[in-house]
Amino acid sequence: MNYQIKSYEQYQKDYAASVADPQGFWASVAEQFVWRKKWDTVLQWDFLKPDVQWFINGKLNITENCLDRHLAALGDRPAIIWEPNGTDEPHRVLTYAQLHDYVCRFAAVLRNSGVKKGDRICIYMGMVPELPVAMLACARIGAIHSVIFGGFSAQSIADRLQDAGSEFVITCDGAYRGPKDIPLKNTIDDALAACPAVKRVIVYQRTHCPVSMIKGRDVWWHEELQAVSESNLPAEEMDAEDPLFILYTSGSTGKPKGVVHSTAGYMVYATYSFVNVFQVQPGDIHFCTADIGWITGHTYIVYGVLCAGGTSLMYEGIPTYPDAGRLWDIVDKHQATILYTAPTALRSLMAHGLQPLAGKSLSSLRVLGTVGEPINEEAWHWYDDHIGKNRCPIVDTWWQTETGGIMLSNIAGITPAKPGYATLPLPGIQPVLVDEQGTLIYGNDVSGNLCIRFPWPSIVRTTYGDHERCRTNYFAAYEGLYFTGDGCYRDENGMYRITGRVDDVLNVSGHRIGTAEVENAINMHTGVLESAVVGYLHDLKGQGIYAYIIMQSMPDDAAHTQADILQTITRVIGAIARPDKVQFVHGLPKTRSGKIMRRILRKIAEGETDNLGDTSTLLDPGVVEEIMQGKV
Ligand code: PRX
């Protein structure tokens, strides 16, 4: 790949070129992919609509870039190394040739099931190699996948299935995660009670738990596969702007929205960012610990890694199973060279002390990365000292579901790192800070809301079925800018530090959760009148969830009512959205116009009660005193 940045000078040169001539810059990167037909125009854009199109009229299939083009030179190279949850089960390796064959055959299964180009396919699976196979098989025939994280509830799945109008589901009987067997198919069955449009469910057998298979609708993955023999199913020709996938993510209002990514722009930027940020070398084994149900897994376990001809090491289980040394065992066993994980995982491993590191070599590691939330300095130094042994650069990568790939990050070993800082933009990324009125904030040593003023190839194209929502969410706050929802500080040297969300989105253990979603779930519980949810600083999770709840009458047994409400949240959203703290209150601090003053609730949850700010506009200042008294 001759777009790999090799020096700090080159970074500066490439960055300048990407701003001076974005079209020329990205055309020269895109040239290095496989196209059925090249584009006519590189870019057309209007952030007001928004309408962004890259590589217009280009024709391609992303799986030809992920698979076919590597067959000649890298056919025998591992594309995916899979480490199972249990230590007594053998790992699996799929070479590029084997993965290509598997994807083609499963694509034929999909086609035989009636899947057509443009259909939306819901994938709800554990972390098994068949999950990337299912995604790539969809892409092979032009179907749009919508992967749903295995921790979401039946209700959440049903919402997403209905929103995307999916008629096909790919799932597993169950999933192993640490000591637990999670009954995925049962959850799908519950979801499908509300989704009569679903006509086919393909079930991969992983845990052999008992499952209900409905005649005419549900079929086994392995049986369907036996019926096909296509080892070289031709790839569907896709337009550059055809949607590749939908991924649902939380916003500050309403239900999660389906972020839509396009085929070519996403492919180009996923690969470009992977190759550059991690400074990928031939033979690298890239270990990303994210779940494929999130954007990190889509881009840096599947598409970016495979397009670059890399080896993706994927792990089925959790970092602490069977003990807190498991990740390090996996690194040593498979000689991982790049480790990409979340600060929350590092903090939880740090809490186990250094004993789990005893006897682990970690000498194969070359580059470390973090993603998903700000990393505190203590965790950064622990990562640097004990995992990287002070010889591996740490890349702190800031990006979002909507950006498709890494936006701000140091480039491993090439641009400087600074603990707690995502540092500098990648070429092609033009960050700006604005104040509340949208005025650009120039200069250094300044803070503001982070926006991006020019499109990059993998920018969100729309929110599925509701383009207006895409506009209001990202492009309406500040005219002519993409608004990230994050607050940010630019230091005296122009380096960026993300300070956290400035909207009503929480980041709990690196997972994005909307306060409105949690409130809606709480409000569904019998006896609840109203609720307000805020985030607070949490040692392990980064942010914890604090819920203030007004009941019709104060519960006699608060612990019991609390447990019931948590159960409702688990059913409506999933366990990841369960509040860490619940406080039953008589009232919430509201302005005279009825707006809840979350700022005050956040301060109380953080224990910062001596500086609540101006409370004079409150309808009833007395409620603040009561809430402070009852803080949990
Ligand atoms: O607040 C930022 C935080 O995660 C949000 C995006 O979440 P999601 O779409 O789920 O994608 C996560 C993985 C890319 C951002 O708006 N975030 C992500 N990376 C960082 C971060 N905050 C600080 N530092 C990061 N490196």
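Quick note: structure is the one above.
Analysis parameters
- Residues numbered from 1 in each chain as written.
- Predicted model: local features only at pLDDT ≥ 70, side-chain atom pairs only at ≥ 80, totals over all residues.
- Heavy atoms only, no water.
- Pairing = 2+ DSSP bridges.
- Helix = DSSP H or I, 4+ residues; strand = E, 2+ residues; numbered from the N terminus.
- Axes fitted to C-alpha atoms, helices over the stretch in contact; angles between N-to-C directions.
- Parallel < 35°, antiparallel > 145°, perpendicular 65-115°, else oblique.
- Contact = heavy atoms within 4.5 Å.
- Nonpolar A, V, L, I, M, F, W, Y, C, P; charged D, E, K, R; others polar.
- Core = buried A, V, L, I, M, F, W, Y, C linked by side-chain atoms within 4.5 Å.
- Buried < 20%, exposed > 50% of the residue type's maximum accessible area, 1.4 Å probe, protein only.
- Near = heavy atom within 4 Å.
- Polar contact = N/O pair within 3.5 Å; in protein donor to acceptor, adjacent residues only side chain to side chain.
- Areas by Shrake-Rupley, 256 points an atom, 1.4 Å probe, with all protein chains shown as cover.

The subject of this paragraph is the sheet that holds strand S26 (residues 496-501). Strand order across the open sheet formed by 5 strands is S22-S21-S23-S25-S26, with antiparallel pairing between neighbours. Looking along the sheet, the strands with just one partner apiece sit at the ends: strand S22 (440-441) and S26. Bridging between strand S21 (residues 431-434) and S22 involves 2 bridges; their strand directions are antiparallel. Across the sheet, Leu-433 pairs through a bridge with Ile-441, a residue of S22.

A few words on the packing of helix H2 (residues 22-30) against helix H10 (residues 264-277). Relative orientation of the contacting elements H2 and H10 amounts to 85°, with a least axis distance of 10 Å. One finds that H2 runs roughly perpendicular with respect to H10. Residues Phe-25, Trp-26, Val-29 and Ala-30 of H2 touch H10, and the partners they reach there are Val-268, Tyr-269 and Tyr-272. Looking at the contact of H2 with H10, its residues break down into 7 nonpolar, no polar and no charged.

Our next topic: the nonpolar core. Among the nonpolar cores identified, the biggest contains 169 residues, and Phe-55, Leu-99, Phe-106, Met-125, Trp-221, Phe-278 and Tyr-303 are the most heavily contacted of them. Residue contacts for Leu-99: discarding those within four places in its chain leaves Leu-67, Ala-79, Ile-80, Leu-94, Val-133, Leu-136 and Leu-306. Among the nonpolar cores identified, the runner-up in size contains 27 residues, and Ile-330, Leu-339, Leu-346 and Tyr-383 belong to it.

This next bit is on the site of the ligand. Taken together, 17 residues sit near the ligand, with Asp-396, Thr-397, Thr-401, Asp-486 and Arg-512 positioned nearest. At a separation of 3.5 Å, a nitrogen atom of the ligand approaches a polar backbone atom of Pro-374. Side-chain polar atom of Thr-401 to an oxygen atom of the ligand: 2.6 Å apart, as the coordinates give it. Bound to the protein, the ligand loses 95% of the 540 Å² it would expose on its own. For the shell around the ligand, the secondary-structure elements that each account for two or more residues are helix H11 (295-307), strand S20 (394-397) and S26. Per-class residue counts for the shell around the ligand are 6 nonpolar, 6 polar and 5 charged.

What follows is about the sheet that holds strand S18 (residues 338-341). The sheet built from 7 strands is open, its strands ordered S5-S4-S17-S16-S18-S19-S20 with mixed pairing. Unpaired on one side and paired on the other, strand S5 (92-95) and S20 mark the two borders of the sheet. Within this sheet the neighbouring strands show an average axis-to-axis angle of 20°, counted without direction. Where helix H14 (residues 377-387) meets the sheet, its contacts fall on S18, strand S19 (367-371) and S20, and the angle it forms with S19 comes to roughly 155°.

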